[in-house]
Amino acid sequence: MKSPLLSRMLRVLIVAALITLSLPRPALAQTSGLTYAVKSGDTLSFIAASFHTTVTRLLLVNSVPDPNNVQPGTVLVIPGFEDVQGEAIAVTLPAFESLDTFNRRTRVPEQLMNRLDFITNPDALYAGQPYYVIYKEELPQVEIPITSGIADFEFAVRQGVNPFLPAEFNDLNGSWDLLPNDTIFLPSDQVTSVFTPISPLSSLNIDQTPLRQGKTTELRATGMGSAALTGTLGAYPLHFFPASDGSQVALQGIERMLEPGLLPLVVTLTNPDGTTFSIQHTLRLREQDYGTDVPFQVADEYIDPAITTPEFNQIRDLTLPAPAERLWDKFVAPDPYPDLFTSTFGRLRSYNGSTYSYFHAGLDFVGSPADPAYAAANGTVVFAGALTVRGNAIVISHGWGVYSGYWHLSEIDVAVGDYVEAGRKIGMVGATGRVTGPHLHFEMLVGGVQVDPTEWLQNMYDAY
Ligand SMILES: [Zn+2]
């Protein structure tokens, strides 16, 4: 038998439920729970998938006049988040910002964000990935990177704030949670003595994300003052050099055959006082389709790894150093026929019945032994001689780890150590090495990696 109290509570609940059912549906904008305002281009199935629910459940809790045509601006209640209050907004994670920092900037508690976005592995997040957050009005706040040399208490004192405030304002368990390389925020009105507000997170830019197979990647850091920058992108070391506009630039090629996926980027800033600040981020590498060639037949020696591997390594090792002096200012076509190509970069190739495990590492210009080959940009000759696969070859160093290669020549007119200017004749086009006919194979190597020369010849990397 039920206790009188329990049965009374039950009655109250039933009455409350009946009242709720009989009330007219409140205006959607005032609905409690998690809401989402439809954007143009959204579909119900996309919204349902984003929040791990179903269209049926969405329709059950929302009155939608035409499920096939949901008007932008329609506010939907998202089932499954009845205990959450607020409107979900789609945002993207800025490049070089950790999820922790992002949560603090948007003032979204980490657990709520993990729940809204079904995040199970924060390390697998990448720049440009869309997220849903509950928007709260941003308070005027100051962004503070935590360098290696600053202890918690010293940090608070230097900011002139109460030592408990950093933990409180940033959802930290305590000041011990404040770690080097983290970024925290403090309310502007309480910070009385901001010291060197270096803000590396907002001043490091990458020219293209996602990264693409076989392309050059440019990282440009501005506002770093006299800090030194070092870093790695995947397995590649990064070399930063000062550009004329005061920024620091690192250029790195991404291998044509590198497996698409996620590539970790780490950039460390070392201040003149020796303190450091590291940025870690994961960048996505996208597959790039360059086309496929018909199968080739060549003499066996040209695909014998005993010959091809040492020759490949010789060129790679030659092009790994990154001299600090930038010698190029403008790239020009290395051939008298600047727009006539017999093959382009990146095409997958099969030799003598192999799988398509080879690729074309350069840009082939039309030419005969009567045509000159020109230096594509100012630089120093670092190789001039005969190779098996590449034939008579020249490699020019342009500084900053940028090199150009000229293969299959019939004649070489320069020697190692020569300084050459853009457009100067360095040899004659030919048909030496692994070729099916005379042409100029022109190759660009950046940080020891063969890249698509197209962007270089389109003068995308001239202005530093
Ligand atoms: Zn070629």
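Residues numbered from 1 in each chain as written. Predicted model: local features only at pLDDT ≥ 70, side-chain atom pairs only at ≥ 80, totals over all residues. Heavy atoms only, no water.

A. A look at the sheet that holds strand E14 (residues 261–270). In space, the five strands of this open sheet follow the order E8-E15-E14-E10-E11, with mixed pairing throughout. Either end of the sheet is taken by a strand with one partner, and the two such strands are strand E8 (211–212) and strand E11 (236–239). In this sheet, strand E15 (residues 276–286) lies alongside E14 in antiparallel orientation, the contact comprising ten bridges. Across the sheet, Leu263 pairs through a bridge with Leu283, a residue of E15. (Pairing = 2+ DSSP bridges. Helix = DSSP H or I, 4+ residues; strand = E, 2+ residues; numbered from the N terminus.)

B. How the structure looks around the coordination of the zinc ion. Around the zinc ion, the donor atoms from the protein are His360 (NE2), Asp364 (OD), Asp364 (OD) and His441 (ND1), and they sit 2.0 to 2.7 Å away. The site at the zinc ion holds four donor atoms, and with the angles between them running 53 to 156°, its shape is irregular. Read N to C, the donor residues that coordinate the zinc ion are spaced as H-x3-D-x76-H. Taken together, the positions of His360 in the loop between strand E18 (358–359) and strand E19 (363–365) and His441 in strand E27 (residues 440–446) put the pair 81 residues apart, joining distant regions of the chain. With respect to burial, His360 and His441 carry one shared label: buried. (Donors = N, O, S within 2.8 Å, 3.2 Å for Na, K, Ca; no water. Tetrahedral: all angles 85-135°; square planar, octahedral: opposite > 155°, others 65-115°. Buried < 20%, exposed > 50% of the residue type's maximum accessible area, 1.4 Å probe, protein only.)

C. The sheet that holds strand E13 (residues 248–253), seen in detail. Ordered by their spatial adjacency, four strands build an open sheet running E7-E9-E13-E12, and the pairing between neighbours is antiparallel. Taken across any chain shown, the strands that pair with only one partner, and hence form the sheet edges, are strand E7 (204–206) and strand E12 (241–242). The pairing of E12 with E13 spans two bridges and is antiparallel. Counterpart to Pro242 in the pairing with E13 is Gln248.

D. Quick peek at the nonpolar core. Judged by nonpolar contacts, the single largest core of 31 residues is most densely connected at Leu251, Trp328, Tyr406, Ile426 and Trp456. Elements represented by at least two residues in this core include exactly E13, E19, strand E22 (391–399), strand E23 (402–409) and E27. Membership of the second largest hydrophobic core comes to 26 residues, among which are Phe51, Val70, Ala88 and Ile134. (Core = buried A, V, L, I, M, F, W, Y, C linked by side-chain atoms within 4.5 Å.)

E. Highlighting the side chain of Asp364. Secondary-structure assignment places Asp364 in strand E19. Among buried Asp, Glu, Lys and Arg side chains, Asp364 stands out as unpaired, with Arg349 the closest opposite charge at 4.3 Å. At 3.5 Å, the side chain of Asp364 forms a polar contact with the side chain of His439. Other than its neighbours up to four places away in sequence, Asp364 contacts Leu340, Phe341, Thr342, Ser343, Arg349, His439, Leu440 and His441. (Lys, Arg positive; Asp, Glu negative; His and termini not counted. Salt bridge = Lys/Arg side-chain N within 4 Å of Asp/Glu carboxyl O. Polar contact = N/O pair within 3.5 Å; in protein donor to acceptor, adjacent residues only side chain to side chain. Contact = heavy atoms within 4.5 Å.)

F. Focus on helix H8 (residues 305–318). For H8, which comprises 14 residues, the first-to-last C-alpha distance of 19 Å matches the rise-based estimate of 20 Å (1.5 Å per residue) to within 8%. Turning to H8, its buried residues are Thr308, Glu311 and Ile315. Buried residues of H8 fall within an arc of 75° about the axis and therefore sit on the same side. Seen from the open side of H8, the exposed residues pointing more than 90 degrees away from its buried face are Pro305 and Ala306. Against strand E21 (379–387), E22, E23 and E27 lie the buried residues of H8. (Expected span 1.5 Å × (residues − 1). Arc of directions from axis to C-beta.)

G. Representation of the packing of aromatic side chains. A full pass over the atoms with the stated rule returns 19 aromatic pairs. Their ring planes at 85° and their centres at 5.6 Å tell us that Trp328 and Trp400 sit as a pair that is edge-to-face. Here the residue Trp328 occupies a position in the loop between H8 and strand E16 (341–343), and Trp400 occupies one in the loop between E22 and E23, the gap between them amounting to 72 residues. We classify Trp400 as buried; its relative accessible area is 5%. Aromatic side chains Tyr406 and Phe442 sit 5.5 Å apart centroid to centroid with 55° between the ring planes, which places their arrangement in the tilted category. With Tyr406 in strand E23 and Phe442 in strand E27, this residue pair connects regions lying 36 residues apart in the sequence. Overall, the relative accessible area of 0% leaves Tyr406 in the buried class. The aromatic ring of Tyr351 is capped on one face by Arg434, whose charged end is 4.4 Å from the ring centroid. (Phe/Tyr/Trp six-rings, centres within 6.5 Å; stacked < 30°, edge-to-face > 60°. Lys NZ or Arg CZ within 6 Å of the ring centre and 35° of its normal.)

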